[in-house]
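Breakdown of the fold
Here's the letter readout for the chains.
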Amino acid sequence: PFDLRVFMAVGWSVARGITPYGQYVLEEIFSSTPHPHLHGTFCGIGYPPPWGLISGLMYLASATLSPNNIYAYTFALKVPIILGDIITAFIIYKIIKSELYASDALKAFRLYLLCPYLISVGVIWGMFDVLAFLFSLLSAYYLLERQELSSVFLAVACSFKPIPLVLVPLYSIFVYKSTHSARRVSYYFFSVIGLFALLT
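Residues numbered from 1 in each chain as written. Predicted model: local features only at pLDDT ≥ 70, side-chain atom pairs only at ≥ 80, totals over all residues. Heavy atoms only, no water.

For the rest of this paragraph, the subject is the packing of aromatic side chains. The final tally for this structure, using the stated rule, is 14 aromatic pairs. Both rings, one in F7 and one in F128, keep their centres 5.7 Å apart while their planes meet at 65°; by these two values the pair is edge-to-face. Taken as a pair, F7 in helix α1 (residues 2-15) and F128 in the loop between α6 (116-124) and α7 (129-141) lie far apart in primary sequence, 121 residues in all. Given a relative accessible area of 0%, F128 falls into the buried group. Arranged with centres 6.2 Å apart and planes meeting at 75°, the rings of Y93 and F109 form a pair that is edge-to-face. Here F109 lies in helix α5 (residues 102-113) and Y93 lies in helix α4 (residues 70-99), a separation of 16 residues in the sequence. Among the aromatic side chains, those forming a connected cluster through ring pairs are F135, Y141, Y142, F153 and F160. Over the aromatic face of Y142 sits the side chain of R146, whose NZ or CZ is 5.9 Å from the ring centroid. (Phe/Tyr/Trp six-rings, centres within 6.5 Å; stacked < 30°, edge-to-face > 60°. Helix = DSSP H or I, 4+ residues; strand = E, 2+ residues; numbered from the N terminus. Buried < 20%, exposed > 50% of the residue type's maximum accessible area, 1.4 Å probe, protein only. Lys NZ or Arg CZ within 6 Å of the ring centre and 35° of its normal.)

Quick look at the structure:
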């Protein structure tokens, strides 16, 4: 429950215009909905702001639809993760269907969507890695055909979690191999880094 408690506190604070990088006392935040796991002092997220903004939006949605319902808020925080998993599974299906066979695409769709590890880390644990993966996958899909769109998707992926930053030099190499243009490589590289810095 550690990460989910942090995300709950961050969503509450962002919805009230407070920084997602503060320090929060959970008993004070959730005094109207006491829960045995909601205690102690926690620091905010260690990620760029987009997840904090989404957490704040999910807090507002749950507070509007079901005020002071901690389980509605927990569910609301997991909705973007669930949607991310479903969209990712469909994209994997689409890519494999266009490149291989529909039967293999359906197997990959099921394998991804029903993978116990992904379910436990994403939906149960509440980690939003799937959002970074989804945008990284979209970036790879559009890399050779629509490089501007690929750079936007990669910057968004990095703004959720900085882990996809390792793909920036790799994708830049792919751009160079496909275009043999140093100008295109520089544009791709600096547009990803610049947009990532802007989102951060």
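So, on to the nonpolar core. Side chains of nonpolar character tend, in soluble globular proteins, to be buried together. F7, M8 and F30 are the most contacted members of the largest nonpolar core, which has 43 residues in total. Aside from chain neighbours lying at most four places away, what touches F30 is M8, A9, L38, I70 and Y73. If you look at the next biggest cluster of nonpolar residues, it comprises twelve residues, including L154, A155, Y188 and V192. (Core = buried A, V, L, I, M, F, W, Y, C linked by side-chain atoms within 4.5 Å. Contact = heavy atoms within 4.5 Å.)

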